[in-house]
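# What the coordinates show
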Amino acid sequence: MQKTTLTLSESVSKTLKVYTVQSKSSLRAQSIVIEEALKEFFERHNVKIEE
């Protein structure tokens, strides 16, 4: 797995934390939530994910 650094607005960061805890029961799952969101974004924009 690659690591990257993100800078998020305070409101998006707070929303991410709340959603992650509600849906995954742990803040450690933030990477999973972000990866799922990015995959959905790329699919909607017809961008192929290189494997």
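Up top is the structure.
Residues numbered from 1 in each chain as written. Predicted model: local features only at pLDDT ≥ 70, side-chain atom pairs only at ≥ 80, totals over all residues. Heavy atoms only, no water.

### Quick word on the packing of aromatic side chains
Per the counting criterion, the structure on display carries 1 aromatic pair. Ring centres of Phe-41 and Phe-42 lie 5.8 Å apart, and the angle between their planes is 70°; on these two criteria the pair is classed as edge-to-face. Among the residues examined, Phe-41 registers a relative accessible area of 38% and is labelled partly exposed. For Phe-42, a relative accessible area of 29% translates into the label partly exposed. (Phe/Tyr/Trp six-rings, centres within 6.5 Å; stacked < 30°, edge-to-face > 60°. Buried < 20%, exposed > 50% of the residue type's maximum accessible area, 1.4 Å probe, protein only.)

### Some thoughts on the packing of helix 1 (residues 10-24) against helix 2 (residues 30-44)
Helix 2 packs onto helix 1 with a crossing angle of 100° between their chain directions and a minimal axis gap of 9 Å. For the element pair helix 1 / helix 2, the angle class is roughly perpendicular. Taken together, the residues of helix 2 that come into contact with helix 1 (itself represented by Leu-16, Lys-17, Tyr-19, Thr-20, Ser-23 and Lys-24) are Gln-30, Ile-32, Val-33, Ile-34 and Glu-36. Residue composition of the contact of helix 1 with helix 2, grouped by class: 5 nonpolar, 3 polar and 3 charged. (Axes fitted to C-alpha atoms, helices over the stretch in contact; angles between N-to-C directions. Helix = DSSP H or I, 4+ residues; strand = E, 2+ residues; numbered from the N terminus. Parallel < 35°, antiparallel > 145°, perpendicular 65-115°, else oblique. Contact = heavy atoms within 4.5 Å. Nonpolar A, V, L, I, M, F, W, Y, C, P; charged D, E, K, R; others polar.)

### Considering the pattern of salt bridges
Pairing between side chains becomes possible if they bear opposite charge and their charged atoms approach one another. Overall, the coordinates contain 2 salt bridges when judged by the stated rule. The residue Glu-36 makes a salt bridge to Lys-24 at a minimum N-O spacing of 3.4 Å. Here Lys-24 lies in helix 1 and Glu-36 lies in helix 2, a separation of 12 residues in the sequence. On the accessibility criterion, Lys-24 (33% relative accessible area) is partly exposed. Between Glu-35 and Lys-39 there is a salt bridge, with the nearest N and O atoms lying 3.7 Å from each other. A residue pair is termed a helical-turn pair when its members lie 3 or 4 positions apart in one helix, as Glu-35 and Lys-39 do in helix 2 at 4 residues. Classification of Glu-35 by relative accessible area gives partly exposed; the value is 35%. Using a relative accessible area of 39% as the deciding quantity, one classes Lys-39 as partly exposed. (Salt bridge = Lys/Arg side-chain N within 4 Å of Asp/Glu carboxyl O.)

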